[in-house]
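# Tertiary structure, described
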Amino acid sequence: MSVLICAVLLGSTVMSIRQASLAHSQIARFFSQSAMITAEVVSDPNKTSTGNYSFIARAVFVHNSSIHYTLRTPIRVITSDQSVRKLLPGQRFSAQGRIVSSKEARVAALVVIKDGIDIQTQPSHWASALGAIRSGLRSLSGDGDAGALIPGMVLGDTSKQNAQFKNSMKRSGLTHLVAVSGANFALVSAFVLWMMQFAFARMKYRLTATAISLIAFIALVRPSPSVLRAAAMAAVLLIAQGTKRPRDSLPALGFAMAAVVVVDPWQARDAGFALSVLATAGLLLFAPVLIEKLSPHMPVKLAQALSPPIAAIVFCSPIIVALSGYLAPMSVIANLLAAPFVAPITIVGFIAALFSPVLPSLTTVLMWFIRFPAAAIALIAHWASNFPVLTLRTGKTGFLIVAIFTLLVWLFKKWFTYITISTLIILISITVLQRWPGGDWEIANCDIGQGDSMVINLGNHQGLVIDVGPDPVAEDRCLKALGIKEIPLLILSHFHADHVAGLPGALNERTVGQVWVSVNSAPLVESAMAQSALAGVEMIQAVRGMSSRVGPLTIRVLWPTVNATSFEEMPGEGSQINNSSIATLITSDQFSIFAGGDLEPPVQQILVNDIAPVDIYKVCHHGSRYQDLDFMAALHPRISIISVGVGNMYGHPAVQTLDALTRLGSQVLRTDIDGAIAVHVREHRLTIRKAKGRFNLIRWG
């Protein structure tokens, strides 16, 4: 324990010194200014969700017309220039960029580069060789989830993984397999040490060669928090073996923590580093206790197999919940099933990666063999991700709940069985009361963040879907919860990303009969994506006057007109596209709904005479302040559903809109507060079920 405390104290001291040096860096004199900067690449450029590229560099020269400075300061670079994809660590470049203050603690500034980047130096032979190995393995690993998994498991390269597969890995608790960690180092070092016996007779030479190989492996996989921690621990154990001293893993963990935070003190604030340390601590401290507790109740081999993943999850759970907001109980089984496939992929994949630049044909053959175990892990990830997860509130609240429980389990481990049973009873009781959609439902609004997605139940696992939100993973998860396997009619009100970008999730293992789209195909990028994803599906431009009957529903299209109408732009609202949204009045013997996408007052005023009071109003444009009061009064909805993201930057829903709906006597439901919403209707009598119920701290889903 004293070793761990010293590691923390040493790390905090070093961080304070480094933080002070960054705070007083001369680059601060350029804040909110444009300057010419010359820098060296430190980390590989990665594409962000916005389409830009982000990486850490070391600024060596900054100047404008009046100030010139030579320095060595870490910076974060953001640029849309695709040429940075070819940059490798160590290369020097220059560019004109705007320098601003950054909230990221490990850098002195954020540099936003819009113009072209001038690459001044070529990568070193060492960097080129490592880059060739990484790109060779990436290109030869094949397609599909199995091909995307191999570079991740061997080198920590997840660039080929799509959002849905990443989500499956996350929900199944298998993400750690694609984050190079102690397990990779153990397998690689054991393999190299075994190989060295054929080259060297003396142990110290074998250990030296193994150490050199591990240094090269660090450079190859890139020094992430878990890599640095695992490398430091491996160094301690190799030294202990070479000097024939006892190998105690707990002091090795303490040394690893100290070494990492001295070299890079910001790792101490990195969630990946914390998860790596806690997982190792769980294996060292808690796994033996679990084996002892479980062995009397099951075969010893099974207890030994179950204890490591359970121990790692228990110790890591506070941070997992703080970051993701949920725990996946099935991750224990998923890790148990995936364990036999890890070693073959790691070792054979490592050999294949080394030969990829010089013998690509050999790499292709080796890839063929390990695609089978990789496909098995991908299948396990998809299977396990379909099971419910225990959802808790993210941030400090979720962290404290799980941290206190973990501490109680550790302090009172002699009553582990009773604590576990009591906890399960409480969780099952709470989650059964809060299950969603909770039985019969006719109308549901998905909780997909800042976007729209409504589903109307047609029976037999069929649903009419209006918009698919911005997130494929969230959309797919919602439709699975609702049991929707077929979409006879999909209405995409307009092509803004918050209404159509979730299309891959809606199409995941589902068939679509017909699609209605707006007459306005802008934005072109999103409409092209939708057309590509829906290739082979009948696509119709919905226009005013159209009507159709789908199952028990009658659907009338009230807007748009055949020819796109031009309207005055409202500040920052994209009115031309919004006012091309498809507006539908959907009726049945049981209920009536009006859904109008993102329509704004100019069109709302036109439609006032075409509408009548409805049971449910899917509030236009996420409840923005741009609403026509006469239009809302004409609809006079009994329930108003606002689909909106938590803490969104647009200020949706507006106070004025909420007040107007409340004055009409409408019950306002909003996904940022209530979560996903399900409505059960019988002869216009509405019963509401919210995903975020009375016990909002804990949910099962």
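Rules used in this analysis
- Residues numbered from 1 in each chain as written.
- Predicted model: local features only at pLDDT ≥ 70, side-chain atom pairs only at ≥ 80, totals over all residues.
- Heavy atoms only, no water.
- Helix = DSSP H or I, 4+ residues; strand = E, 2+ residues; numbered from the N terminus.
- Buried < 20%, exposed > 50% of the residue type's maximum accessible area, 1.4 Å probe, protein only.
- Contact = heavy atoms within 4.5 Å.
- Pairing = 2+ DSSP bridges.
- Axes fitted to C-alpha atoms, helices over the stretch in contact; angles between N-to-C directions.
- Right-handed = clockwise from strand over helix to strand, strands pointing away.
- Polar contact = N/O pair within 3.5 Å; in protein donor to acceptor, adjacent residues only side chain to side chain.
- Core = buried A, V, L, I, M, F, W, Y, C linked by side-chain atoms within 4.5 Å.
- Expected span 1.5 Å × (residues − 1).
- Salt bridge = Lys/Arg side-chain N within 4 Å of Asp/Glu carboxyl O.

With that out of the way, let us pick up the overall build of the protein chain. What the protein chain contains, in helices and strands, is 23 helices and 25 strands. Per-residue burial over the protein chain gives 48% buried out of 701 residues. The contacts in the protein chain between residues at least 6 apart in sequence include a share of 67% that link residues at least 24 apart.

A few words on the sheet that holds strand 21 (residues 639-642). Taken in spatial order, the seven strands of this open sheet run 16-17-18-19-20-21-22, and their pairing is mixed. Edge strands, defined here as strands with exactly one partner in the open sheet, are strand 16 (547-550) and strand 22 (667-670). Neighbour-to-neighbour, the strand axes of the sheet open up by a mean angle of 20°, direction not taken into account. Sitting on the sheet, helix 22 (residues 655-663) is in contact with strand 20 (616-618), strand 21 and strand 22, with an inclination near 145° to strand 22.

The next point concerns the pairing of strand 21. For a regular strand, side-chain orientation follows a simple rule: the groups alternate between the two sheet faces. Side chains of strand 21 alternate between two faces, with Ile 639 and Ile 641 and Ser 640 and Ile 642 buried alike. Here strand 20 runs beside strand 21; their pairing, made up of three bridges, is parallel. Counterpart to Lys 618 in the pairing with strand 21 is Ile 641. On the question of chirality, the crossover connecting strand 20 to the parallel strand 21 by way of helix 21 (residues 629-635) is right-handed. Pairing analysis gives four bridges linking strand 21 to strand 22, with the strands arranged parallel. Among the inter-strand pairings, Ile 642 is bridged to a residue of strand 22, identified as Arg 670. Regarding topology, helix 22 serves as the crossover connection from strand 21 to the parallel strand 22, and that connection is right-handed.

For the rest of this paragraph, the subject is helix 15 (residues 472-482). Among the 11 residues that make up helix 15, eight are buried, leaving the element largely enclosed by the rest of the structure. Within helix 15 the residues assigned to the buried category are Pro 472, Val 473, Ala 474, Glu 475, Asp 476, Cys 478, Leu 479 and Leu 482. Among the structural elements, helix 4 (163-171), strand 10 (443-445), strand 11 (454-459), strand 12 (462-466), strand 13 (486-492) and helix 17 (503-506) are those in contact with the buried residues of helix 15. With a side-chain oxygen lying 3.0 Å from the backbone nitrogen of Val 473, the N-terminal cap of helix 15 falls on Asp 471. Within two residues after helix 15, Gly 483 carries a phi angle of roughly 75°, on the positive side.

Relative to the assigned elements, Asn 445 resides in strand 10. For Asn 445, a relative accessible area of 1% puts it in the buried group. A distance of 3.4 Å separates a polar atom in the side chain of Asn 445 from a polar atom in the side chain of Ser 643. Setting aside residues no more than four positions away along its own chain, Asn 445 makes contact with Trp 436, Ser 453, Met 454, Lys 618, Ile 641, Ser 643, Thr 671, Ala 676 and Ile 677.

In terms of nonpolar packing, the biggest core is built from 38 residues, with Leu 149, Met 153, Leu 174 and Ile 377 touching the most fellow members. For this core, the secondary-structure elements that each account for two or more residues are helix 2 (125-140), helix 3 (144-155), helix 4, helix 5 (182-196), helix 6 (203-221), helix 11 (331-355) and helix 12 (360-385). At nine residues, the largest contribution of residues to this core is made by helix 12. If you look at the next biggest cluster of nonpolar residues, it comprises 28 residues, including Trp 441, Cys 446, Val 465 and Val 515.

As a further point, take the sheet that holds strand 14 (residues 511-517). Spatial ordering of the open sheet is given by 15-14-13-12-11-10-23-24, a layout of eight strands whose pairing is mixed. Since the sheet does not close on itself, it has two edges, and those belong to strand 15 (538-541) and strand 24 (685-690), each with one partner. Adjacent strand axes in the sheet meet at a mean angle of 20° when their direction is disregarded. Judged from the four bridges that link them, strand 14 and strand 15 form a sheet pairing that is parallel. Counterpart to Val 515 in the pairing with strand 15 is Met 539.

With that out of the way, let us pick up helix 3. Taking 1.5 Å of rise per residue, the 12 residues of helix 3 would be expected to cover 16 Å, and the 18 Å separating its terminal C-alpha atoms lies within 8% of that figure. Where burial is concerned, most of helix 3 is hidden: 10 out of the 12 residues are buried. Among all positions in helix 3, only Ala 146, Gly 147, Ala 148, Leu 149, Ile 150, Pro 151, Gly 152, Met 153, Val 154 and Leu 155 are buried. Just beyond helix 3, the residue with positive phi is Gly 156, at close to 75°.

The next subject is the pattern of salt bridges. Summed over all chains, the structure comprises 11 salt bridges. Here Arg 58 and Glu 40 are joined by a salt bridge, their closest N and O atoms 3.6 Å apart. With Arg 58 in strand 3 (residues 53-63) and Glu 40 in strand 1 (residues 33-41), this pair connects stretches of sequence that are 18 residues apart. The residue Arg 638 makes a salt bridge to Asp 615 at a minimum N-O spacing of 3.2 Å. Placement of the pair is Arg 638 in the loop between helix 21 and strand 21 and Asp 615 in the loop between helix 20 (601-607) and strand 20, with a sequence separation of 23 residues. Classification of Asp 615 by relative accessible area gives buried; the value is 5%. Residues participating in the shared-partner salt-bridge network are Glu 40, Arg 58 and Arg 92.

Purely geometric stuff here, so don't read any function into it on its own.
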